[in-house]
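If you want the building blocks of each chain, they are given just below.
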Amino acid sequence: MATAATGPVAHVANASDATMPSGTELIARARAMVPVLRDRESAAIAARQVPAQTIRDFIDAGFFKVLQPKRYGGYEMSPAVYCEIARTLAEGCMSSAWVYGVVAVHNWQLALFDPQAAEDVWRDDGEVLISSSYMPMGKVTKAEGGYRISGRWAFSSGSEHCDWVLLGANMVAEEGGAPEPFNFLIPRSDYQIIDTWHTMGLCATGSNDIVVEDAFVPAHRVMREKDMFNIDVPGKHANPGALYRIPFAQIFNRTVSTTSLGSLRRALETFVQATREKRATYTGARLAADTTIQEAVAEVKVILNDMELRLKSDLAELDARAEANDWPIERRAELGHHTTSMVNNCVKAIDLLMLFSGGKAIYLGNQIQRAFLDIHCARAHVANNPYPYARNVGAMAFGYENDCMDL
């Protein structure tokens with residue numbers, strides 16, 4: 001377990017470009033892992049946790065290093081590589097892919113903090129992982145050199161496999177100002193994980209509660225969310241690469257939407273295969289000849305293809321805008337709406353497949369049902385609610401000011 005550093009220390013050696021895998025190689029590793037994840041999926045759901053061996057496999061494959069700074073052994077690759085890994089892994093097990101995506105994004109966010117925070121986490125081991133719950137549920141008081149925080153937070157995915165956690169709390173940044181959200185980075189020794197994760201979908205994510213009782217958090221492990229929105233963060237000089245000039249939500253929101261694409265693709269392939277020779281109970285007619293079912297498959301295909309193409313295009317745009325440091329607020333709002341609407345579209349598609357899957361789909365373990373439940377649970381995440389983002393985009397088109405800090 002990692003412990004907090006008490007002062008400046010030598011960081012983990014830089015990743016060598018000569019030994020670094022390419023993005024194509026990492027994606028190929030994810031593809032090779034799909035059948036393994038499928039084999040482990042039922043046991044993971046029963047345990048309500050991604051197996052420790054799966055996390056070890058992700059570490060060994062280098063997946064968590066994709067967005068991690070090179071100065072701490074990471075690869076500093078494009079978010080496109082990260083998202084494609086997550087999307088691909090979800091074709092094997094959406095819960096496992098979800099945990100990968102959520103945990104791996106923290107290796108990117110840590111680069112935005114004061115550099116001492118990264119030293120605290122990775123000074124001895126660049127493989128240490130971080131979970132989160134950004135809901136502003138904490139109670140904070142000022143203390144010498146930092147803050148004291150207490151509270152209980154839900155939905156900390158993959159927390160059992162992590163040695164640190166990022167937690168949200170509201171506090172006043174300036175005298176006379178209104179409370180606003182901050183993130184607090186806390187080591188495992190200062191919090192408890194409470195087993196609460198009994199859900200209808202995403203069952204293996206182990207998204208349990210975190211409890212903190214009067215923990216001290218030094219100032220360098222605290223960051224204002226507004227600074228991430230403004231792309232003016234404490235770590236900008238230590239980590240000047242374009243990757244760390246992307247607004248927080250433009251990466252994080254894709255963390256919780258991309259995996260639905262992989263799950264939907266698997267469900268579509270499963271549906272087509274299962275329906276190919278299936279016959280109606282009373283007439284014996286091939287269901288594959290039913291034009292209504294044919295149209296449903298075509299509709300799912302176009303939704304899936306459109307979403308995958310949009311994701312690819314948007315991620316390329318993130319890279320280009322980060323290089324140019326060009327982030328007009330209207331376009332940020334549109335890009336934000338793209339990702340928050342993605343799971344909503346996946347819900348429409350998986351609902352079609354579930355509708356035509358017949359009575360067998362109500363049995364536990366049915367793959368269409370599993371994707372149906374997982375995708376609907378993903379839609380419940382606040383970052384996958386498209387309506388506030390849609391209203392914001394539409395209002396801005398009529399000249400209103402942006403009213404969303406989560407872009």
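Just above sits the structure.
Here the residue numbering is sequential within each chain, running from 1 through the sequence in written order. Only residues with pLDDT of at least 70 are given local features in this predicted model, and only at 80 or more are side-chain atom pairs given and counted; all residues enter the totals for whole chains, interfaces and linings. As a rule here, side-chain values come from all non-hydrogen atoms in the structure, and water together with hydrogens is ignored.

Q: Where do I start with the sheet that holds strand E6 (residues 208-218) in this structure?
A: The pairing of strands in a sheet happens through backbone hydrogen bonds and is either parallel or antiparallel. Two strands make a pair as long as DSSP finds a minimum of two bridges between them. Elements are defined by DSSP. Helices are runs of H or I of four residues or more, strands are runs of E of two residues or more, and each kind is numbered from the N terminus. Read from one edge of the open sheet, seven strands run E5-E6-E2-E1-E3-E4-E7, paired in mixed fashion. At either end of the open sheet lies a strand with only one pairing partner, and these are strand E5 (192-194) and strand E7 (222-224). Averaged over all adjacent pairs, the angle separating strand axes in this sheet is 25°, with direction ignored. The pairing of E5 with E6 spans three bridges and is classified as antiparallel. Residue pairing in the sheet places Ile-194 in a bridge with Asp-209 of E6. Contact criterion: two residues are considered in contact whenever any of their non-hydrogen atoms come within 4.5 Å of each other. Structural elements are reduced to axes, namely lines fitted to C-alpha atoms, with helices fitted over the stretch in contact, and the angle between N-to-C directions of any two is expressed from 0 to 180 degrees. Lying over the sheet, helix H4 (residues 94-109) contacts strand E1 (130-143), strand E3 (164-172), strand E4 (179-187) and E7, oriented at roughly 50° with respect to E1.

Q: I keep staring at helix H5 (residues 115-122) and nothing clicks. Help me out?
A: Because an α-helix completes one turn every 3.6 residues, residues spaced three or four positions apart along the sequence face the same direction. Along H5, seven of the eight residues are buried, which leaves the element largely enclosed by surrounding structure. Between buried and exposed lies partly exposed: a residue is buried under 20% and exposed over 50% of the maximum accessible area for its type, with that area taken using a 1.4 Å probe on protein chains only. All of the buried residues in H5 are Gln-116, Ala-117, Ala-118, Glu-119, Asp-120, Val-121 and Trp-122. If you follow the buried residues of H5, they end up packed against H4, E1, E3 and E4. Its side-chain oxygen 2.8 Å from the backbone nitrogen of Gln-116, Asp-114 forms the N-cap of H5. Pairs of N or O atoms within 3.5 Å make up the polar contacts considered here, provided that, within protein, one atom can donate a hydrogen while the other can accept it, and that residues adjacent in sequence are counted only when both atoms are side-chain atoms.

Q: Teacher, can you tell me more about helix H8 (residues 258-275) here?
A: A helix is expected to span 1.5 Å multiplied by its residue count minus one. Taking 1.5 Å per residue as the helical rise, H8 with its 18 residues ought to reach 26 Å, and the 26 Å between its terminal C-alpha atoms agrees with that figure. Across the 18 residues of H8, 13 count as buried, placing the element largely inside the fold.

Q: I would appreciate a short explanation of the pattern of salt bridges in the present structure.
A: Between side chains of opposite charge, a pair can form when the charged atoms approach closely. Any Lys or Arg side-chain nitrogen found within 4 Å of a carboxyl oxygen on Asp or Glu counts as a salt bridge. Evaluation of the coordinates by the stated rule reveals 25 salt bridges. The shortest N-O distance in the salt bridge between Arg-224 and Glu-180 comes to 3.5 Å. You can see Arg-224 sitting in strand E7 and its partner Glu-180 sitting in strand E4, a full 44 residues away along the chain. By the burial criterion, Arg-224 is buried, and Glu-180 matches it. Across the salt bridge formed by Glu-334 and Arg-331, the nearest N and O atoms sit 2.9 Å from each other. Of this pair, Glu-334 and Arg-331 are both found in helix H10 (residues 329-355), three residues apart, which corresponds to roughly one turn of the helix. Judged by relative accessible area, which is 22%, Arg-331 ranks as partly exposed. Put simply, Arg-31, Glu-84, Arg-87, Glu-91, Arg-265 and Glu-308 are held in one network by salt bridges that share partners.

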